[in-house]
Amino acid sequence: MSKTNPSISFRHASIDDLSLLKHWDEQPHVIASDPDDWGWGDDLLHFPDWREQLIAELDGRPIGFVQIIDPAKEETHYWGEVPDNLRAIDIWIGEKTDLGKGYGTIMMNLAIGRCFTDEKVTAILIDPLETNTAAIRFYERIGFQFVETRDFDGSICSVMRLEKKKWIEKSTSS
Ligand SMILES: CC(C)(COP(=O)(O)OP(=O)(O)OC[C@H]1O[C@@H](n2cnc3c(N)ncnc32)[C@H](O)[C@@H]1OP(=O)(O)O)[C@@H](O)C(=O)NCCC(=O)NCCS
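So, how was this worked out
- Residues numbered from 1 in each chain as written.
- Predicted model: local features only at pLDDT ≥ 70, side-chain atom pairs only at ≥ 80, totals over all residues.
- Heavy atoms only, no water.
- Helix = DSSP H or I, 4+ residues; strand = E, 2+ residues; numbered from the N terminus.
- Buried < 20%, exposed > 50% of the residue type's maximum accessible area, 1.4 Å probe, protein only.
- Contact = heavy atoms within 4.5 Å.
- Areas by Shrake-Rupley, 256 points an atom, 1.4 Å probe, with all protein chains shown as cover.
- Lys, Arg positive; Asp, Glu negative; His and termini not counted.
- Charge placed at Lys NZ, Arg CZ, Asp CG, Glu CD.
- Near = heavy atom within 4 Å.
- Polar contact = N/O pair within 3.5 Å; in protein donor to acceptor, adjacent residues only side chain to side chain.
- 1 Å grid on protein atoms, 1.4 Å probe; cavity = no way out; pocket = protein on both sides within 12 Å on 5 of 7 lines; lining within 4 Å.
- Points joined across faces, edges and corners; volume = space filled by probe spheres on them.
- Nonpolar A, V, L, I, M, F, W, Y, C, P; charged D, E, K, R; others polar.

Enquirer: Explain the overall build of the protein chain residue by residue, including any values.
Expert: Within the protein chain, the secondary structure is distributed over six helices and seven strands. Each helix and strand of the protein chain, placed in order from N terminus to C terminus, yields the pattern β-α-α-α-β-β-β-α-β-α-β-β-α. Referenced to the eigenvectors of the C-alpha coordinate spread, the extents of the protein chain come out at roughly 40 × 35 × 30 Å. A burial count over the protein chain gives 43% of its 174 residues as buried. Put simply, 63% of the contacts in the protein chain that link residues at least 6 apart link residues at least 24 apart. Looking at the protein chain as shown, the accessible area adds up to about 9,700 Å², and 51% of this sits on carbon and sulfur atoms. Charged side chains in the protein chain number 19 positive and 31 negative. The centres of these two groups are separated by 8 Å.

Enquirer: If you had to explain the site of the ligand to someone new, which residues and values would you point to?
Expert: By nearness alone, 20 residues border the ligand, and G102, G104, T105, A134 and R141 come closest of all. Note that an oxygen atom of the ligand is positioned 2.8 Å from one of the backbone N or O atoms of I93. Between the ligand and T105 there is a distance of 2.5 Å, counted from an oxygen atom to a side-chain nitrogen or oxygen. Considering the ligand on its own, with 820 Å² of exposed area, one finds that the protein chains cover 79% of that surface. Going through the elements one at a time, α2 (28-33), β4 (86-93), α4 (103-116) and α5 (133-142) are the ones with two or more residues in the shell around the ligand.

Enquirer: So what's going on with the side chain of D98? Residues and values would help.
Expert: Inspection of the secondary structure puts D98 in the loop between β4 and α4. Residue D98 is classed as buried on the basis of its relative accessible area of 4%. Of the polar contacts made by the side chain of D98, one reaches the side chain of R61; its length is 3.0 Å. Those residues within four positions of D98 in sequence are excluded, and the remaining contacts are R61, I63, I93 and Y103.

Enquirer: Describe the environment of D118, naming the residues involved and giving the relevant values.
Expert: Checked against the element boundaries, D118 lands in the loop between α4 and β5 (123-126). Residues D118 and N85, 33 residues apart in the sequence, show an inter-C-alpha distance of 9.0 Å. Setting aside chain neighbours within four positions, we find D118 in contact with R87 and K164. Only 2.9 Å separates the side chain of D118 from the backbone nitrogen of K120, close enough to count as a polar contact.

Enquirer: I'd like to hear about unusual backbone geometry, residue by residue, with values.
Expert: You will see that H77, though not glycine, has its phi angle at about 55°, which is positive. Mapped onto the fold, H77 is located in the loop between β3 (61-69) and β4. Even without glycine at this site, D153 takes up a positive phi of about 50°. Here D153 lies in the loop between β6 (145-152) and β7 (155-163).

Enquirer: Explain the layout of surface pockets residue by residue, including any values.
Expert: For the second largest pocket, the calculated volume is near 210 Å³. Lining the second largest pocket we find 14 residues, and of these D49, W50, D70, R87 and D118 sit closest to its centre. Here the residues of the lining of the second largest pocket are counted per class, giving three nonpolar, one polar and 10 charged.

Here it is as structure tokens:
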């Protein structure tokens, strides 16, 4: 592995990842970013067409999690009334020792590319807690822009959005 170009890839999460995901869920930096309980046992057995749950691996070693949903089709309607052809992403690195090494940027770029591979998808939403200033900075660097502050069931979040057009402009200029 080259330090400047680590090889990160996604695979679909499965029930075999249950203990790993529960372990990551207990890490203070993960709790701080998302205090909600994830229904792993159920989620990892069901694969609706509006959701992908992915494990990021660095040279075969699991390092993080990414969820991509279609917010218009997601069954709890977490995002409320949203138009078709959007995606929403959740992301975290599992172990504290893997933070701040550039892995999240690579994972996010892979996830964004995956969303925009579908030609119909026009933009991507994320909802970091308003207090998660490090993650907000991380998303801004990638190209997301602040939309609004929103209360999701008592969690005050900064809704941010990345337009496909902006992503393509950024990708072709770098
Ligand atoms: C956000 C996250 C996925 C970014 O991945 P990463 O590999 O740490 O990020 P990179 O190394 O590519 O980029 C570093 C940037 O990540 C951001 N970051 C966010 N949370 C961080 C953390 N707990 N530790 C270190 N960096 C963090 C910072 O903006 C940092 O840049 P800085 O130099 O301006 O502080 C990762 O830090 C993480 O899992 N954080 C905890 C969970 C979380 O906040 N998820 C997002 C919920 S919306």
